[in-house]
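One letter stands for each residue in the lines below.
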Amino acid sequence: MNTLRALIFDVDGTLADTERDGHRPAFNAAFAGAGLRWHWDVAIYGELLAVAGGKERIRHYAARHDPERAAAPGFGETVAGLHAAKTRHYLDHVAAGRVPLRPGVATLLAAARRRGLRLAIATTTTPDNVEALLRATLGPDAMGWFAVIGAGDVVPAKKPAPDIYRWVLERLELDAADCLAVEDSELGLAAASTAGLRCLVTPNAYTAGQDFGRAWMLRDSLAGIGPDELARRFAEDPAPPAAA
Ligand code: XBP
Ligand code: MG
């Protein structure tokens, strides 16, 4: 029997709907600021979400839509500059309080803390973005709620690689079999599952319709689910297969 000891949350799409009206316009503002005629509309951005990570997403798009520029010397610095500008735009947006948490998230986090569960973050997004969101939505002490925050380039391979979950598990000093991942996407589910974690998936408008066959639990939202029920269900279920 396994005991639930920690919840490991993805950020984008899971804690908050950050993509369509947060990251996407920030990318577009960075492109416009650099004089590029690139624009990611809602549909294009949905397709680009198949690539995790902002810098990786820019490179992927450029290779297909602006191949000469992408092949030119110095394009690596161009990407770094665009991404830094994008992050500044995104941080302004979040700090202004324009990105609320998804329903049930704040309640679940607070209840999990009261129950003594440890909390952690495993995300591909930039660390500053995580801090800005937690502070803007949960208050100035919110970073301290999380025992481990794994974000951005701390691991070279982003989701669906399991690396960020393994990085977090190592620092939590817990077995995957005693932790639950919370994700919104197929990429995130793959990362968590390959790391040997059970995964609760709560899809959003961009990820609904993806394949969540490997999910331990699938819910429209985190509202109405508490740590007691999660821990009970967790204890009843056999451990997932050992991590690959
Ligand atoms: C989220 C992402 C992130 C954001 C952009 O994936 O892919 O890259 O879209 O953030 P997940 P950065 O929710 O699976 O972690 O621009 O800071 O990379
Ligand atoms: Mg996500």
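Model, not experiment: these values are computed from the prediction.

A separate point is the coordination of the magnesium ion (ligand 2). Around the magnesium ion (ligand 2), the donor atoms from the protein are D10 (OD), D12 (O) and D184 (OD), and they sit 2.1 to 2.2 Å away. Read N to C, the donor residues that coordinate the magnesium ion (ligand 2) are spaced as D-x1-D-x171-D. Judged by its relative accessible area of 5%, D10 is buried. A relative accessible area of 9% means that D12 is categorised as buried.

Strand order across the open sheet formed by 6 strands is β3-β2-β1-β4-β5-β6, with parallel pairing between neighbours. Of all strands in the sheet, those with a lone pairing partner are β3 (148-151) and β6 (217-218), marking the two edges. As defined by bridge partners, strand β1 (residues 6-9) adjoins strand β4 (residues 179-183) across 4 bridges and the pair is classed as parallel. The residue bridging L7 from the neighbouring strand is L180, located in β4. Its contacts with the sheet place helix α8 (residues 163-172) against β1, β2 (118-123), β3 and β4, and it is angled at close to 160° to β3.

All right, on to the site of ligand 1 then. Taken together, the neighbourhood of ligand 1 is formed by 18 residues, with G54, R57, H83, K86 and T126 sitting nearest. E19 is positioned with one of its side-chain polar atoms (N or O) 2.9 Å from an oxygen atom of ligand 1. N129 places a polar side-chain atom, nitrogen or oxygen, 3.1 Å from an oxygen atom of ligand 1. Taking 450 Å² as the accessible area of ligand 1 by itself, protein coverage stands at 97%. When contributions to the shell around ligand 1 are tallied by element, the ones reaching two or more residues are α1 (19-33), α3 (54-65) and α5 (75-95). The leading source of residues in the shell around ligand 1 is α1, at 3 residues.

Our focus in this paragraph is the nonpolar core. Nonpolar side chains tend toward joint burial in soluble globular proteins. Counting residues in each nonpolar core, the largest one holds 37 residues, and the members touching the most others are L7, F9, L15 and L230. Where this core is concerned, the elements lending two or more residues are β1, α5, α6 (105-114), β2, α7 (127-138), β4 and α10 (227-236). Top element by residues in this core is α7. It accounts for 5 residues. Sequence-distant contacts of L230, defined by excluding residues within four places in its chain, comprise L4, L7, L108, L180, L200, W216, M217 and I225. Ranked by size, the runner-up nonpolar core spans 24 residues in total, among them A120, V148, A192 and A195.

This brings us to the pattern of salt bridges. With the rule as written, the count across this model stands at 13 salt bridges. R232 is the partner of E236 in a salt bridge, and the nearest nitrogen-oxygen pair spans 3.3 Å. In this pair, E236 and R232 are both assigned in helix α10, 4 residues apart and thus about one turn of the helix distant.

Criteria and thresholds
- Residues numbered from 1 in each chain as written.
- Chains lettered and ligands numbered in written order.
- Predicted model: local features only at pLDDT ≥ 70, side-chain atom pairs only at ≥ 80, totals over all residues.
- Heavy atoms only, no water.
- Donors = N, O, S within 2.8 Å, 3.2 Å for Na, K, Ca; no water.
- Buried < 20%, exposed > 50% of the residue type's maximum accessible area, 1.4 Å probe, protein only.
- Pairing = 2+ DSSP bridges.
- Helix = DSSP H or I, 4+ residues; strand = E, 2+ residues; numbered from the N terminus.
- Contact = heavy atoms within 4.5 Å.
- Axes fitted to C-alpha atoms, helices over the stretch in contact; angles between N-to-C directions.
- Near = heavy atom within 4 Å.
- Polar contact = N/O pair within 3.5 Å; in protein donor to acceptor, adjacent residues only side chain to side chain.
- Areas by Shrake-Rupley, 256 points an atom, 1.4 Å probe, with all protein chains shown as cover.
- Core = buried A, V, L, I, M, F, W, Y, C linked by side-chain atoms within 4.5 Å.
- Salt bridge = Lys/Arg side-chain N within 4 Å of Asp/Glu carboxyl O.

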